[in-house]
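Structural features, examined
One letter stands for each residue in the lines below.
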Number of protein chains: 2
Amino acid sequence: MTSYEKGSPDGDYVRVPKERLFSFVASVLESIGVPGEDAKIVADNLVMADLRGVESHGVQRLRRYVDGIRSGGVNVHPRIRVLREGPSYALVDGDEGLGQVVGRLAMELAIEKAEKSGIGVVTVRNSNHYGIAGYYSLMAAERDMIGISMTNSRPLVAPTGGVERFLGTNPISVAAPTHGRPFLLDMATSIVPIGKLEVYRRKGKPIPEGWAINGEGDVTTDVREVFSGGALLPLGGLGELFGGHKGYGLSLMVDVLTGVLSGGTWSRHVGNTEERNSEVDHFFMAIKIENFTPVEEFKSRMEAMMSELKTSKKHPRFERIWVHGEKGFLTMETRLRLGIPIYVGVLRELNRIGMETGVGKLMEEGG
Amino acid sequence: MTSYEKGSPDGDYVRVPKERLFSFVASVLESIGVPGEDAKIVADNLVMADLRGVESHGVQRLRRYVDGIRSGGVNVHPRIRVLREGPSYALVDGDEGLGQVVGRLAMELAIEKAEKSGIGVVTVRNSNHYGIAGYYSLMAAERDMIGISMTNSRPLVAPTGGVERFLGTNPISVAAPTHGRPFLLDMATSIVPIGKLEVYRRKGKPIPEGWAINGEGDVTTDVREVFSGGALLPLGGLGELFGGHKGYGLSLMVDVLTGVLSGGTWSRHVGNTEERNSEVDHFFMAIKIENFTPVEEFKSRMEAMMSELKTSKKHPRFERIWVHGEKGFLTMETRLRLGIPIYVGVLRELNRIGMETGVGKLMEEGG
């Protein structure tokens, strides 16, 4: 039995059963005014991130959501409106609702349109942080569609030739069904997401040279320099020599398809969850495979491609050849069995939130 | 008056007026059986690459096209068929026609569908090398649409953890209109396209460390090692530390949307232009902006974003902040005025082709 875990815990932690974590998060959100169904959507999204080993987008973000709701930055009773639509597209205004609630509704709309017309494209404005991008693309893959999900996000990344935080880490996710686990690409368009740097900061360790720059534009290994006036680098790194302009361009592509197309904004003007009018914008797309090719044949081609990849000649210094999504699904299988590792520091913060909101502690620190 | 040129010539060259180069290429193709209109499409595509400074995809490829046609690898009288379609999508079989002829028809179909229904998605199988991806996305931008164009291509890139040439350089292009020059992203999903290495090989110069590996998987600066059994690296480089798995994933995304979705194949099985059943597959998409937001407002937002980018704080070691497409358009403006630089070696080869086909020389070597 496998027990692979991506982002395996390397500090003190406790393991929390998935259901317990889910109930806790949903209860906290309900206790501060989020309608029950919406609280469950957000909890599902955050817990899925932890299950898949993307802890930067998991329950450790709960504090920001709670603060965002309390400050009025997030509207818990949004009037989410479809402003324009046709058989294969829609424009949605999220009315500053929770990103997961807006995002799920918008992806469902894209899927519904694809179900009827073959293609569904939905662009969204006035939303908030929507968690992991792969949550939405997977919804389509589960319905035998190719799913695409993108969002802009607050500025953290310098464009090629610049030093300012201008671009978001603007993730792109694409999911496609196979006979087994879906193919799932879910990537920030920067070299690393900011969450990775937060981990290095917590541990007081230097970051790899090439991930980020300081305020003068010099590549730095000192994570504090990045947080005080520096910036992340786009995928491909500093300058054009290794394709930094490509990561920069992909980030702009996300801004074009999300905020510019929807009448929202672009990353430079996107705010934090706690701010009013943080103006996060999303893009969703679903392609109904059956309209192009028989689904079973599509899946067989996916399987063949992935299996050829995995059995192609391995690099002597690497353990194996992975296909996108695989690590996350293996991690999920492990964690469904053993529980989700929660760092003691995160547990302490969750317990604090539980006490503040009258929900009670998630778990005693001793486990 | 600007005279910026991307990929400015650094060897002996002559300048050839655009019209002359276009007529020469079209005449050569006609002389070996390509119908007049189709020959013009291919000539337009190749000359546009040279105009924009992407010489690797320009007229220096003419030999491969000629050989492909002569060997029967390319079908000059294809029966291009729409196998399935709906108001916003289509599946096209290119019948092994010239990639540009198939591609242009497919993108026109995507635009036509977007014109009527808001969205057009067209996936294509059984085509050939289609030149620069940006040629097609720009067609949409000229019609006030967002255009997307992708193609798979012969295997040259190693997946993360592997050493085999498995992935294509699988380019992605996205174009969007502004009040001025369009935004135009056109990028290989590898760090560099193979054409860049060919330039280094011609000059006998070492390549930057990190672009490619030899047959053992070691990063090499010896371009000959790459051509004899080595491979290019995906955007992000070797391993996962700088995001190599992201370039790898984007490349797979292209394979999924082109060959896997269309019932074609994936890069590992894609052949050269000269081979029968080279099986190149494409993906095109057009989004009619007006259906989402007033076009003028979209363009104003694009302008604002781009102008904010260009006036944001510059990196002290870089000359300026570029936006995607800008270098190509400036190069085009220069070359429309001064002529297109053609290396003497390329001119010699073009003249040889001209003599072989009875078209005559493009230009005497002295200019």
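Note that the structure is predicted; figures quoted are calculated from it, not measured.

Per the secondary structure count, chain A includes eleven helices and eleven strands. Relative to the 2.2 N^0.38 estimate, which gives 21 Å for 367 residues, the radius of gyration of chain A is 20 Å and therefore close to what a compact globule would have. Its C-alpha atoms give chain A principal-axis dimensions of about 55 × 50 × 50 Å. Within chain A, the fraction of its 367 residues that count as buried is 63%. Within chain A, contacts between residues at least 6 apart in sequence are counted, and of these 68% link residues at least 24 apart. By element, 48% of the accessible surface of chain A is carried by carbon and sulfur atoms, the whole surface being about 12800 Å². Here chain A contributes 44 positive and 46 negative side-chain charges, whose respective centroids are spaced 3 Å apart.

The next thing to look at is the confidence of the model for chain A. Any residue range with low pLDDT should be treated as having predicted coordinates unsuitable for detailed reading. Chain-level statistics for chain A give a pLDDT mean of 96 and a share of 99% at 70 or above. ipTM for the predicted complex: 0.98, alongside a pTM of 0.98.

Before going further, it helps to spend a moment on the relation of the copies chain B and chain A. Mapping chain B onto chain A leaves a residual RMSD of 0.0 Å; the transformation is a rotation of 180° accompanied by 0.0 Å of translation along its axis. The two molecules are tied by a two-fold rotation axis, judged by turn and shift. Relative to the rotation axis, the closest C-alpha in chain B is found at B:Gly236, a distance of 2.6 Å. When the interface residues of chain B are mapped onto chain A, 100% of them are again interface residues, pointing to one common binding face.

A word on the nonpolar core. Residues A:Ile146 and B:Ile146 are the most contacted members of the largest nonpolar core, which totals 112 residues. Other than its neighbours up to four places away in sequence, B:Ile146 contacts A:Val256, A:Leu257, A:Leu261, B:Ala140, B:Val174, B:Ala175, B:Ala176, B:Met285, B:Ala286, B:Ile287, B:Ile289 and B:Phe298.

Take the interface of chain B and chain A next. The interface of chain B with chain A comprises 90 residues on the first partner and 90 residues on the second. Summing both sides of the interface, chain B and chain A together bury roughly 7500 Å²; the carbon and sulfur share of this comes to 69%. Taken together, the connections running from chain B to chain A amount to six salt bridges. Between B:Arg317 and A:Asp218 there is a salt bridge, with the nearest N and O atoms lying 3.1 Å from each other. Scanning the region where chain B abuts chain A turns up 40 residue pairs in polar contact (both at pLDDT 80 or more).

Residues and elements named next belong to chain A. Here helix α8 (residues 244–262) spans 27 Å end to end across 19 residues, near enough to the 27 Å set by a 1.5 Å rise per residue. The principal kink in α8, of about 35°, is found at Val-256. Counting buried positions over the 19 residues of α8 gives 18, a clear majority of the element. At the C-terminal side of α8, Gly-263 shows a positive phi close to 85°.

In summary, the side chains of a regular strand alternate between the two faces of the sheet. All names here are of chain B. Side chains Ile-340 and Ile-342 of strand β11 (residues 340–343) all project onto a buried face; the interleaved residues Pro-341 and Tyr-343 project onto the opposite face, where all are buried too. As paired strands, strand β1 (residues 13–16) and β11 are joined by four bridges and run antiparallel to one another. Bridging across to β11, Tyr-13 finds its partner in Tyr-343.

All names here are of chain B. Following both chains from N to C, one finds helix α4 (residues 99–117) and helix α5 (residues 134–141) inclined at 25°, their axes separated by 10 Å at the closest point. Classified by the angle their axes make, α4 and α5 are roughly parallel. At the point where α4 passes α5, the crossing takes the right-handed sense. Contacts from Gly-99, Gln-100, Gly-103, Arg-104, Met-107, Glu-108 and Ile-111 in α4 reach Tyr-135, Tyr-136, Met-139 and Ala-140 in α5.

In a packed pair of helices, the relevant descriptors are the angle between the two axes and the axis-to-axis distance. Residue and element names in this part refer to chain A. It is the contact of helix α1 (residues 18–31) with helix α3 (residues 62–70), at a shortest axis distance of 11 Å, that shows an interaxial angle of 15°. As far as their axial angle goes, α3 and α1 are roughly parallel. Seen from above, α1 lies across α3 with right-handed handedness. Contacts between α1 and α3 involve Phe-24, Val-25, Val-28 and Leu-29 from the former and Leu-62, Val-66 and Ile-69 from the latter. In terms of residue class, the contact of α1 with α3 is made up of seven nonpolar, no polar and no charged.

Here we come to the environment of B:His324. Turning to its location among the elements, B:His324 is positioned in the loop between α9 (295–310) and α10 (326–338). Residue classification places B:His324 among the buried residues on the basis of a relative accessible area of 10%. The spatial distance from the C-alpha of B:His324 to the C-alpha of B:Pro182 is 8.8 Å, given a sequence separation of 142 residues. What B:His324 contacts, discounting residues up to four positions off in sequence, is A:His245, A:Tyr248, A:Gly249, A:Leu252, B:Pro182, B:Phe183, B:Leu184 and B:Leu185.

Let us now look at the sheet that holds strand β10 (residues 280–288) of chain B. Residues and elements named next belong to chain B. Pairing is mixed across the open sheet formed by seven strands, whose spatial order is β2-β3-β4-β10-β5-β6-β7. The sheet is open, and its two borders are formed by β2 (81–86) and β7 (183–187), each paired with just one other strand. Each strand axis lies, on average, 10° off the axis of its neighbour in the sheet, ignoring direction. Where strand β5 (residues 145–151) lies against β10, seven bridges are found, and the strand directions are antiparallel.

Applying the stated criterion across every chain, the model contains 52 salt bridges over all chains. Salt-bridge contacts for B:Glu364 lead to B:Lys361; the nearest nitrogen and oxygen are separated by 3.7 Å. Through salt bridges with shared partners, a single network forms among A:Arg63, A:Asp67, A:Arg70, A:Glu349, A:Arg352 and A:Glu356.

Residues and elements named next belong to chain A. The first and last C-alpha atoms of α1 sit 20 Å apart over 14 residues, in line with the 20 Å expected at 1.5 Å per residue. Restricting attention to buried positions, one finds in α1 the residues Leu-21, Phe-22, Phe-24, Val-25, Ala-26, Val-28 and Leu-29. Along its buried surface, α1 packs onto β1 (13–16), α2 (36–51), α3, β11 (340–343) and α11 (344–356). The first or second residue beyond α1 is Gly-33, which carries a positive phi of 105°.

Right, let's get into the side chain of A:Lys299. Residues and elements named next belong to chain A. Tracing the chain through its elements places Lys-299 in helix α9 (residues 295–310). Taking relative accessible area as the criterion, Lys-299 reaches 12% and is therefore assigned buried. One polar contact links Lys-299 to Asp-144, side chain to side chain, over a distance of 3.0 Å. Residue contacts for Lys-299: discarding those within four places in its chain leaves Asp-144, Pro-177, Thr-178 and His-179.

Attention now goes to the sheet that holds strand β10 (residues 280–288) of chain A. All names here are of chain A. On the basis of which strands lie adjacent, the open sheet formed by seven strands has the order β2-β3-β4-β10-β5-β6-β7 and mixed pairing. In this open sheet, the two strands that pair with only one neighbour each are β2 (81–86) and β7 (183–187). Across this sheet, the average inter-strand angle for adjacent strands is 10°, counted without regard to direction. Packing against the sheet, helix α4 (residues 99–117) makes contact with β2, β3 (89–93), β4 (119–127), β5 (145–151) and β10, and its axis sits at approximately 160° to β4. The sheet strands contacting α8 are β3, β4, β5, β6 (172–176) and β10, and the helix crosses β10 at an angle near 95°.

Criteria and thresholds
- Residues numbered from 1 in each chain as written.
- Chains lettered and ligands numbered in written order.
- Predicted model: local features only at pLDDT ≥ 70, side-chain atom pairs only at ≥ 80, totals over all residues.
- Heavy atoms only, no water.
- Helix = DSSP H or I, 4+ residues; strand = E, 2+ residues; numbered from the N terminus.
- Rg over C-alpha atoms; globule rule 2.2 N^0.38 Å.
- Buried < 20%, exposed > 50% of the residue type's maximum accessible area, 1.4 Å probe, protein only.
- Contact = heavy atoms within 4.5 Å.
- Areas by Shrake-Rupley, 256 points an atom, 1.4 Å probe, with all protein chains shown as cover.
- Lys, Arg positive; Asp, Glu negative; His and termini not counted.
- Charge placed at Lys NZ, Arg CZ, Asp CG, Glu CD.
- pLDDT = per-residue confidence, 0-100.
- Least-squares fit on C-alpha atoms with pLDDT ≥ 70 in both.
- Core = buried A, V, L, I, M, F, W, Y, C linked by side-chain atoms within 4.5 Å.
- Buried area = accessible area lost by both parts, 1.4 Å probe.
- Salt bridge = Lys/Arg side-chain N within 4 Å of Asp/Glu carboxyl O.
- Polar contact = N/O pair within 3.5 Å; in protein donor to acceptor, adjacent residues only side chain to side chain.
- Expected span 1.5 Å × (residues − 1).
- Bend = angle between axes of the 7 residues up to and from the residue.
- Pairing = 2+ DSSP bridges.
- Axes fitted to C-alpha atoms, helices over the stretch in contact; angles between N-to-C directions.
- Parallel < 35°, antiparallel > 145°, perpendicular 65-115°, else oblique.
- Left-handed = near helix turned anticlockwise from the far one by under 90°.
- Nonpolar A, V, L, I, M, F, W, Y, C, P; charged D, E, K, R; others polar.

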